[in-house]
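Observations on chain architecture
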Amino acid sequence: MSKELAPRQATLSIWGGEEGVRIAGATQVPVVNSVAFGYDDLDRWRDVALGDAEGDIYSRNTNPTVRVFEEKIRLLEGAEAATSFSTGMAAISATLFALLEPGDRVVSVKDTYGGTNRLFLDYVPRFGIDVKLCDTSDQDSILAEIDAGCRLVYLETPTNPTCKIVDIELLARRAKAQGAVVVVDNTFATPINQNPLSLGADLVVHSATKYLGGHADTLGGALCGSADLVATVFAYREVNGATLHPDSAYMLLRGMKTLQLRVERQNANAMEVARFLDAHAFVERVFYPGLPSHPGHDVAKRQMSGFGGMLSFQLTGGFESVKTMLPRLRFAHRAANLGAVETTVAPPRTGSHVELSEQERAAMGIPEALVRYSAGVEDVADLLADLDQALAHAAERHTRHLTPT
Ligand code: PLP
């Protein structure tokens, strides 16, 4: 897209990357379900294969539909380059395994997404890589570990599920002094609310499965950043094989057209839901960076343009109350997903952090009675009324010492 026009996010999410890929006057991007691309001219085949000419050879490596998705997310994150993956975890694991070597040291935080945490606890150390997971709320300890020397700093903000905020700009500056690569998982924020590259990060990863797709009907992952780092990870992905399918790329592209509309509505709905829950007698605590009482509120205000659609809250009465309340919600899926147009709730105990033991969750500051709430785009008055009746039911059962129904 022409630089002089400098289109903004809402425009980029619709038009970005789509120039020159339409067929026979079609207004929409074609889904190119071809494994291979044929060449009668063998010299050209060789040039394309060696990267000396534009084109595609084999869809595990590159594909025209997938390339449009990569270009759109590249533009939205303001990156030099982007590549894509079959899932968010494929993006995260490929990034780590492509960039790290035995003897390297990684600094990250304790409450990253459960799958990422498992990678850091069980797999990355197997390759002689030292992983230091810091208390996310203790900025001084993260800085001290970065200053002790590291090859890669991996951050997630807001975190899953307690929406802790880390200061990307500050940590990236200190990481740079060590020559470390800074990777930020921007899944929760989306490029509408936060652009980590503009804050000094080197790479941004996404579970495109979530807000980018937005309709809970396709999986995908993305990586954006400098051309050399993205090329290193792309080379690994070519042989690792966790490629985004053209059908999924198309679904993601369709979802992304409404990214800004959806995210703005989800920001607004989450804010109102957080305020409502914060004032509710049966809710012990609300975790939402948009609330002034949230410890990360000031940093979030500085580095985000919206506080996001994700929040979590802790009920009175432990997990029994969660079991009573959640089935009562009419306008929420009870499922291990987030970022969709429908409101979706999940206790970390059965969802994002099910692989962890109760002790591991506690060490990450995740109470057993926590509910993660992904605000959808419904009418917020209906969401509040729905929460109100479900909470009233749970509170009554709790007061009367009754078992969940
Ligand atoms: N990062 C975050 C913040 C997530 O919430 C998730 C999944 O919930 C992932 C990464 C992994 O994404 P995927 O399920 O697409 O592999």
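Structure report, in brief. Every chain begins its residue count from 1, and numbering advances along the sequence as written. Whole-chain, interface and lining totals are the exception, using all residues; otherwise, since this is a predicted model, local features are given only for residues with pLDDT of at least 70 and side-chain atom pairs are given and counted only at 80 or more. Hydrogens are left out, water is left out, and the side-chain values use all remaining heavy atoms of the structure.

On to the sheet that holds strand β3 (residues 130-134). Read across the open sheet, the seven strands follow the order β1-β7-β6-β5-β4-β2-β3; overall the sheet is mixed. Of all strands in the sheet, those bounded by a partner on one side alone are β1 (81-85) and β3. For this sheet the average axis-to-axis angle between neighbouring strands, irrespective of direction, equals 20°. The sheet contact formed by β1 and strand β7 (residues 221-225) spans five bridges and is antiparallel. In short, DSSP must find at least two bridges between two strands for them to pair. Secondary structure counts use DSSP, requiring at least four H or I residues in a row for a helix and at least two E residues in a row for a strand, with both numbered from the N terminus. Each axis is a line fitted through C-alpha atoms, taken for helices only over the stretch in contact, and angles between the N-to-C directions span 0 to 180 degrees.

Here we take up the site of the ligand. The near set for a molecule or strand comprises every residue that places at least one heavy atom within 4 Å of it. Lining the immediate environment of the ligand, one finds 15 residues, of which G88, M89, D185, S207 and T209 sit closest. In the analysis that follows, any N or O atom pair within 3.5 Å is treated as a polar contact, provided that within protein one partner can donate a hydrogen and the other can accept it, and provided that, for residues neighboring in sequence, both atoms belong to side chains. Between the ligand and the protein, one listed contact pairs an oxygen atom with a backbone N or O atom of G88 at 2.8 Å. Contacts to the ligand include D185, whose side-chain N or O atom sits 2.6 Å from a nitrogen atom. When its residues are assigned to classes, the shell around the ligand shows five nonpolar, seven polar and three charged. Put simply, Ala, Val, Leu, Ile, Met, Phe, Trp, Tyr, Cys and Pro go in the nonpolar bin, Asp, Glu, Lys and Arg in the charged bin, and everything else, Gly too, in the polar bin.

The next subject is the environment of D135. You can see D135 is positioned in the loop between β3 and α6 (139-147). Accessible area is worked out with a 1.4 Å probe on protein chains only. A residue is then buried under 20% of its type maximum, exposed over 50%, and partly exposed in between. Taking the relative accessible area as the measure of exposure, D135 reaches 37% and is therefore partly exposed. Taking the C-alpha atoms as reference points, D135 and V68, 67 residues apart in sequence, are found 38 Å from one another. A contact between two residues is defined here by any heavy atoms of the two lying within 4.5 Å. Ignoring sequence-local partners within four residues, the contact set of D135 consists of K110, S141 and I142.

Two elements in contact, helix α13 (residues 318-325) and helix α15 (residues 380-399), have axes whose closest approach is 9 Å; the angle formed by their N-to-C orientations is 135°. If you check the angle between α13 and α15, you find them oblique. Judged by the sense of rotation from one axis to the other, the crossing of α13 with α15 is right-handed. Contact with α13, carried on its side by S321, T324 and M325, involves L387, A390, L391, H393, A394, R397 and H398 of α15 and no other residues of that element. The residue makeup of the contact of α13 with α15, split by class, is five nonpolar, four polar and one charged. Any angle that falls under 35 degrees is termed roughly parallel, while one over 145 is termed roughly antiparallel, one within 65 to 115 roughly perpendicular, and all others oblique. What makes a crossing left-handed is the near helix being turned counterclockwise from the far one by less than a right angle; a clockwise turn instead makes it right-handed.

A word on the nonpolar core. The criterion is simple. A nonpolar core is a set of buried Ala, Val, Leu, Ile, Met, Phe, Trp, Tyr and Cys residues joined through side-chain atoms within 4.5 Å. The biggest cluster of nonpolar side chains holds 49 residues, and the ones touching the most others in it are F69, I73, I142, I146, V153 and V182. Per-element tally for this core: the top contributor is helix α3 (residues 64-77), with six residues. Ignoring sequence-local partners within four residues, the contact set of I73 consists of A82, P191, H206, L212, A222, C224 and M256.

Now for the sheet that holds strand β8 (residues 283-287). Taken in spatial order, the five strands make up an open sheet running β8-β9-β12-β11-β10, and their pairing is mixed. Two strands lie at the open edges of the sheet, namely β8 and β10 (333-334), each paired on one side alone. When strand β9 (residues 310-315) meets strand β12 (residues 370-374), the two strands line up antiparallel, connected through five bridges. Each bridged residue has a counterpart across the sheet, and for Q314 the counterpart in β12 is L370. Most of the contacts of helix α11 (residues 259-278) go to β9, to which it runs at about 15°, and overall it touches β8, β9 and β12. The sheet contacts of α13 involve β9 and β12, and relative to β9 the element is tilted by about 120°.

With that out of the way, let us pick up the pattern of salt bridges. When a carboxyl oxygen of Asp or Glu is within 4 Å of a side-chain nitrogen of Lys or Arg, the pair counts as a salt bridge. Overall, the coordinates contain 20 salt bridges when judged by the stated rule. Between K72 and E18 there is a salt bridge; the shortest N-O distance is 3.0 Å. Of this pair, K72 sits in helix α3 while E18 sits in the loop between α1 (9-15) and α2 (42-49); the two residues are 54 residues apart in sequence, bridging distant segments of the chain. The same class applies to K72 and to E18, which are both buried.

Once that is clear, we can look at the packing of helix α4 (residues 88-99) against helix α9 (residues 227-240). Contact geometry for α4 and α9: axes closest at 9 Å, N-to-C directions at 105°. Overall, the two elements α4 and α9 adopt an arrangement that is roughly perpendicular. Contact residues: A94, T95, F97, A98 and L99 in α4; L229, T232, V233 and Y236 in α9. Class assignment for the residues of the contact of α4 with α9 results in seven nonpolar, two polar and no charged.

This part is about the environment of A300. Looking at the element boundaries, A300 is found in helix α12 (residues 297-303). According to the relative accessible area criterion, A300 is buried, its value standing at 0%. For the pair A300 and G128, spaced 172 residues apart in sequence, the C-alpha separation works out to 35 Å. Sequence-distant contacts of A300, defined by excluding residues within four places in its chain, comprise I165, P289 and F307.

This part takes up the side chain of N193. In this structure, N193 sits in helix α8 (residues 190-193). At 2.9 Å, the side chain of N193 forms a polar contact with the side chain of N267. With residues up to four places along the chain from it excluded, the contact list for N193 reads V263, N267, Q303, M304, S305, G306 and G308.

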